[in-house]
Amino acid sequence: MIMVVRKADNAVIARYEAWATGAYENALADIDRDGFKYLNEEITMMGNMVIWVQ
């Protein structure tokens, strides 16, 4: 799972199935399209990717 999360309030903005073709690229494109700024990313202990935005 790839989750886009707003850093200010930990709100989950979007979720993507990591196995889907182009999921990471789609997440980055949606972040830009929606006017968010990419901050960083991390992998959780459960194996999910969190992309932090503001």
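What comes next is a walk through the structure. Just so it is clear, the structure is predicted and the values come from calculations on it, not from any experiment. (Residues numbered from 1 in each chain as written. Predicted model: local features only at pLDDT ≥ 70, side-chain atom pairs only at ≥ 80, totals over all residues. Heavy atoms only, no water.)

So, the overall build of the protein chain
Now for step 1: Scanning the protein chain from terminus to terminus reveals one helix and four strands.
Now for step 2: Taken from the N to the C terminus, the helices and strands of the protein chain come in the order β-β-α-β-β.
Now for step 3: Taking 10 Å as the expected radius of gyration for a compact globule of 54 residues, we find that the protein chain reaches 10 Å, a close match to that expectation.
Now for step 4: Oriented by its inertia axes, the alpha-carbon framework of the protein chain measures out at about 25 × 25 × 15 Å. (Helix = DSSP H or I, 4+ residues; strand = E, 2+ residues; numbered from the N terminus. Rg over C-alpha atoms; globule rule 2.2 N^0.38 Å.)

Observations regarding the pairing of strand β1 (residues 2–6)
Now for step 1: Among the five residues that make up β1, four are buried, leaving the element largely enclosed by the rest of the structure.
Now for step 2: Across five bridges, the pairing between β1 and strand β2 (residues 11–16) is antiparallel. Note that in β2 the partner of Val 5 across the bridge is Val 12.
Now for step 3: Of the strand pairs in this sheet, β1 and strand β4 (residues 49–53) are connected by five bridges, and their pairing is parallel. Residue pairing across strands places Ile 2 opposite Met 49, the latter belonging to β4. (Buried < 20%, exposed > 50% of the residue type's maximum accessible area, 1.4 Å probe, protein only. Pairing = 2+ DSSP bridges.)

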